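Secondary and tertiary structure notes
The chain contents come next:
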Amino acid sequence: SAAEFGAGGTGGIIELLSWEGDLLWSYAYSDERVQHHHDVEYLPNGNVLIIAWVKLNESEIIDSGRDLSFIESNRGLWTERVVELQPNGMNGAEIVWEWNVYDHLIQDIDTLRNNYGAVEDHPELIDANFPYRTINSGDWMHFNSIDYNEDLDQIILSSRNFNEFYIIDHSTTTTEAASHTGGRYGKGGDILY
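Just so it is clear, the model here is predicted, and its values are computed rather than measured. (Residues numbered from 1 in each chain as written. Predicted model: local features only at pLDDT ≥ 70, side-chain atom pairs only at ≥ 80, totals over all residues. Heavy atoms only, no water.)

A word on the sheet that holds strand β9 (residues 143-149). Read from one edge of the open sheet, 3 strands run β9-β10-β11, paired in antiparallel fashion. Of all the strands in the sheet, just β9 and β11 (164-169) have a single pairing partner and so form its edges. Geometrically, the sheet is characterised by an average inter-axis angle of 20 degrees between neighbouring strands, direction not taken into account. As judged from the 6 bridges shared by β9 and strand β10 (residues 154-159), these two strands associate in the antiparallel manner. For D147, the partnering residue across the bridge sits in β10 and is I156. (Pairing = 2+ DSSP bridges. Helix = DSSP H or I, 4+ residues; strand = E, 2+ residues; numbered from the N terminus. Axes fitted to C-alpha atoms, helices over the stretch in contact; angles between N-to-C directions.)

Next comes the structure, spelled out in structure tokens:
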């Protein structure tokens, strides 16, 4: 599946090794739809946060409100996802929490889409049409890193292509993370900062 996501930082397999170099756990998060890349964050509870590209299908691209002239057709559009994995056995994991950029987009181009609105009035959402240029790899945002603040139960993400970082609430359920309400800060999965 790495061929689906031919961009810098492509990973796909997450491994935990002992200090002696023994393989303790290995898990693949990679197929034709998703691809782990760049970074992981080991949590105090033993779970692992990862960042991953999500290759949108045609209807999802249209529903995102992205201006189609900003997309090179042969590579599509990849958004980003955060997944919390709970290791289960040597090669298994349960996804216990998930957050998707796709759920927190706004745009002011396509009035027929549910995420239509005034971009400047919603700093808690990500502009589906930023940056205003064509991407030729599919790799729209290019998250580079993930970190976790245990005291605040927040996740910080950096986007190389946007030259921005985002803080999101980790205390949400996966359902709340896909919404605009809930969690410790009452904003669901919307951008806190």
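Right, let's talk about the packing of aromatic side chains for a bit. For the coordinates displayed, the defined rule picks out 6 aromatic pairs. On the numbers, 5.1 Å between centres and 55 degrees between planes, the contact of W53 with W78 is tilted. Of this pair, W53 sits in strand β4 (residues 48-55) while W78 sits in strand β5 (residues 78-88), placing them 25 residues apart in sequence. In this structure, W53 and W78 share a single accessibility class: buried. Consider the rings of F130 and F162, whose centres lie 5.0 Å apart with planes at 90 degrees: the pair is edge-to-face. Linking F130 in the loop between β8 (126-127) and β9 with F162 in the loop between β10 and β11, this pair joins segments that are 32 residues apart in sequence. For F162, a relative accessible area of 5% gives the class buried. Aromatic ring contacts, followed pair by pair, group F130, W140 and F162 into a single cluster. (Phe/Tyr/Trp six-rings, centres within 6.5 Å; stacked < 30°, edge-to-face > 60°. Buried < 20%, exposed > 50% of the residue type's maximum accessible area, 1.4 Å probe, protein only.)

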